[in-house]
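Close look at the chain arrangement
Read off the chains here:
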Amino acid sequence: MKTIFMFFSVFFLCSVSITDGLALTAHEGLLDALAEELKLSATDLEKAADLKPPLDDQGLCLAVIYHKTGLAPLWVTETGPGSRATIILDFLKKSEDEGLNSQKYKIGEISNLWTTTAPASLARLDTLLTYNLVRYIHDISYGQLQPLSPDNTAFAAAGDINFDVVAAMQQALGAPDLAAYLVALAPAHKHYQSLKKALKIYRLIAASGGWKQIPPGPTLRPGESDDRLQLIYKRMLAPGIQPPPKPEDKIYGPALQKAVARFQQLNGIEDDGVIGPQTLTAMNVPASRLVEQIIVNMARWRWQAHVLGKKYVLINIASFNLTAYKDDIMVLNFPVIIGQLQHQTPVFSDSIKYIEFNPYWNITPDIAKNEDLPHLRKNPRYLSDRHVRLFSSWEGDATELDSTTMDWQQVSPSRMAGFKLRQDPGPWNALGKIKFVFPNKYSIYMHDTPSRNLFSRTKRDFSHGCIRLSNPLSLALFALEDQGKGWTSEQIQSAYDSDKRVVVRLTPPLPIHITYQTSWVDKDGQIHFNRDIYSRDEKLFKALLNGNDKILMNIDKTTVDPDDKLNQ
């Protein structure tokens, strides 16, 4: 019996030793395969250790990441991918829901390698998961990399040139719940999330064929008859329009007129119910094009601050509109005037630091040399008639000059730019009676205006870039109501009506976000598709699409009710 026991003991120990050896050999094989996959020597890795590699250099990114994490697989073992690898693949596949292009993240190749046990294939799978995870983290956090384009206005704030691939990977590796970490990377605010829901709905509409094109024809007014009315009625079945319960024969009646007016409102067109060329063009935009528009605007939201604040101001350049929110509830909504095409209002986030009642207007050097100088050469009283004072320079000790006695024919544009021109407070002041200042590199601010008639226009791009407010007193109350003891509407009106210059600093400053959204969802859950006033959408979508149109029609087969409120 003792002999038999010793035999089985030796056999068991040998078996364990052989099994351990095989496992060790398999692991070593995977390590060797990973080193071969990285294709860099130990010396190369040492050189790369302290670098901050650009995201578009895959080889260097992987070399630095794996050097920092111990030159070992991060997501697979010798038996295959682990649970965290499954989470990564799931998020890469679902990137389409965020308006991203899943094909960019090599999900086809990753899926093909998923069941492999060959060391070289496992090493390849691990590096694919690593690199495409870090690309996804960047894209969902900051928006896709800024395209190499001279048109910086169209791609303003795209990407993050300071993105740290190693820090991003270390955060992912250190996350107790990788799925929760990845979910939290996208903007959580309702402006982004409601577009995400709209994307799902409009992809479904596009996949089902969208709507038929309405033939051209004469302008159609209420009470008139037209053979196109049946097609127009069917076009009004899109989400948010709510047409009459059935088509109205061949007469353009009141019920359909109401639906058309609502369509016009949602598309940035004067809502007169008249179906002219502009309205017909909007009706004939294919559903696939609206999918593109939603994708573009989701990308823009990822470029900006993901946390907007408990209380903030939002300017949408493309809709000529200001809204203000407190505890996620919209409390202000009114028209604004924004920059002309040649003086485009920039996109950025900042904070309103102070409000100035009865402000001076310091005229910019560009306006002075390009606009005021030609007027002065024709009329030397051009400045004095507008209550604009002239100073020798922008320095604090500059002397005041008499603009009516100068020989403006001899003043060059460059010399004109060196003068300081300041308009005094008063009813003539171009800034009106109140200014909201958030110091920034663009010299952009918000202000009142004496030209009130322009706010009735549907298209309101008339400024040099600054934002003119149709209702500045309501914004002042919103900003000042919780400052110190709080300002009342009566106190604000009194400061506004006086001739005294008063500066009120905000503590804390009030966040402001200036956006360019040609598609958004309103407080009633209805999606708007507005005009692209600066012609940015198409060039941006081409850059995002990069020749792959699968991003348009990747549809979650989950049942979608197109009549759902998009912001619920």
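In case you missed it, the structure is sitting above this.
Residues numbered from 1 in each chain as written. Predicted model: local features only at pLDDT ≥ 70, side-chain atom pairs only at ≥ 80, totals over all residues. Heavy atoms only, no water.

1. Here we look at the overall build of the chain
Scanning the chain for helices and strands turns up 19 helices and 17 strands. Counting over 568 residues, the chain shows a buried share of 47%. Counted over contacts in the chain with a minimum sequence separation of 6, partners at least 24 positions apart contribute 68%. Accessible surface, the chain as shown: approximately 27,500 Å² in total, 54% of it carbon and sulfur. (Helix = DSSP H or I, 4+ residues; strand = E, 2+ residues; numbered from the N terminus. Buried < 20%, exposed > 50% of the residue type's maximum accessible area, 1.4 Å probe, protein only. Contact = heavy atoms within 4.5 Å. Areas by Shrake-Rupley, 256 points an atom, 1.4 Å probe, with all protein chains shown as cover.)

2. Concerning the side chain of arginine 460
As for its position among the elements, arginine 460 is in the loop between strand S12 (446–447) and strand S13 (461–463). Lacking a salt bridge, the buried arginine 460 has aspartate 461 as its closest oppositely charged neighbour, with an N-O distance of 8.7 Å. There is a polar contact of 2.7 Å between the side chain of arginine 460 and the backbone oxygen of arginine 457. What arginine 460 contacts, discounting residues up to four positions off in sequence, is Ser319, Phe320, Pro335, Val336, Ile337, Ile338, Leu454 and Phe455. (Lys, Arg positive; Asp, Glu negative; His and termini not counted. Salt bridge = Lys/Arg side-chain N within 4 Å of Asp/Glu carboxyl O. Polar contact = N/O pair within 3.5 Å; in protein donor to acceptor, adjacent residues only side chain to side chain.)

3. Focus on the packing of aromatic side chains
In this structure the tally under the stated criterion is nine aromatic pairs. Measuring from ring centre to ring centre gives 5.0 Å for phenylalanine 348 and tyrosine 442, while their planes differ by 35 degrees; the resulting arrangement is tilted. Of the two residues, phenylalanine 348 sits in strand S6 (residues 348–357) while tyrosine 442 sits in the loop between strand S11 (434–437) and S12, which places them 94 residues apart along the sequence. The exposure class of tyrosine 442 is partly exposed, given its relative accessible area of 37%. Here phenylalanine 357 and tryptophan 487 contribute two aromatic rings whose centre-to-centre distance is 6.0 Å and whose plane-to-plane angle is 15 degrees, an arrangement assigned as stacked. On the criterion of sequence distance, the pair formed by phenylalanine 357 in strand S6 and tryptophan 487 in the loop between helix H16 (472–480) and helix H17 (489–497) is long-range, its members being 130 residues apart. A relative accessible area of 24% places tryptophan 487 in the partly exposed class. Ring pairing ties together the aromatic residues Phe91, Tyr105 and Tyr136, which thus form one cluster. Against the face of tryptophan 211 rests arginine 235, its NZ or CZ located 3.6 Å from the ring centre. (Phe/Tyr/Trp six-rings, centres within 6.5 Å; stacked < 30°, edge-to-face > 60°. Lys NZ or Arg CZ within 6 Å of the ring centre and 35° of its normal.)

So, to be careful, I would describe these as geometric facts and stop short of saying anything about function.
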